Amino acid sequence: MSFVPGQPLTAVVQRIQIQKLRQGENLILGFSIGGGIDQDPGQNPFSDDKTDKGIYVTRITPGGPADAAGLRMGDKLMQVNGWDMTMVTHDQARKRLTKKNEDVVRLLVTRKSLEEAVKQSMGSFPRQ
């Protein structure tokens, strides 16, 4: 998925809700992120567009809260609890995800398989 800065972005998204796991004082999500507007997009292995500075899921803890909720490695975070994640730094994204007073994280994510499924289904219908 590529976009032009300043232009509307169209994306196929999936809602995912993660119940954080409480371990003492810590709330565990069970995934790691990479990317952000302050990072080198050329290092992103999940996007074909090497100018994409989005926030991506880089690791999922097997059996953890994110895994149980259906989050996948390579998912691109579009929103976290209603906050836009398309133009944030890595640290801003991390802080949005790890707020101590939030036991639940509601995500909007996009992934290549979602986009491909929509493209295939659109190709099977005649255009009007």
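See above for the structure.
Just so it is clear, the structure is predicted and the values come from calculations on it, not from any experiment. (Residues numbered from 1 in each chain as written. Predicted model: local features only at pLDDT ≥ 70, side-chain atom pairs only at ≥ 80, totals over all residues. Heavy atoms only, no water.)

Asks: When you look at the pattern of salt bridges in this model, what are you seeing that I'm missing?
Replies: Here the idea is simple: oppositely charged side chains can pair when their charged atoms come close. Per the counting criterion, the structure on display carries five salt bridges. Between K76 and D52 there is a salt bridge, with its nearest N and O atoms 3.1 Å apart. With K76 in strand β6 (residues 76-80) and D52 in the loop between β4 (31-35) and β5 (55-60), the pair connects residues that are 24 residues apart, well separated along the chain. By relative accessible area, K76 is classed as buried at 5%. Between K95 and D91 there is a salt bridge; the shortest N-O distance is 3.1 Å. With K95 and D91 both in helix α2 (residues 90-97) and four residues apart, the pair spans about one turn of that helix. Using a relative accessible area of 32% as the deciding quantity, one classes D91 as partly exposed. The structure contains a network of salt bridges with shared partners spanning D91, R94 and K95. (Salt bridge = Lys/Arg side-chain N within 4 Å of Asp/Glu carboxyl O. Helix = DSSP H or I, 4+ residues; strand = E, 2+ residues; numbered from the N terminus. Buried < 20%, exposed > 50% of the residue type's maximum accessible area, 1.4 Å probe, protein only.)

Asks: Looking at this structure, how should I read the nonpolar core?
Replies: Across soluble globular proteins, you tend to see nonpolar side chains buried next to one another. Counting 19 residues, the largest nonpolar core has I18, F31, L71, L77, L97 and L107 as its most contacted members. Broken down by secondary-structure element, the contributors of at least two residues to this core are β1 (14-19), β4, β5, β6, α2 and β8 (104-110). With near-sequence residues (within four places) excluded, F31 lies in contact with I18, V57, R59, I60, A66, L71, L77 and L97. (Core = buried A, V, L, I, M, F, W, Y, C linked by side-chain atoms within 4.5 Å. Contact = heavy atoms within 4.5 Å.)

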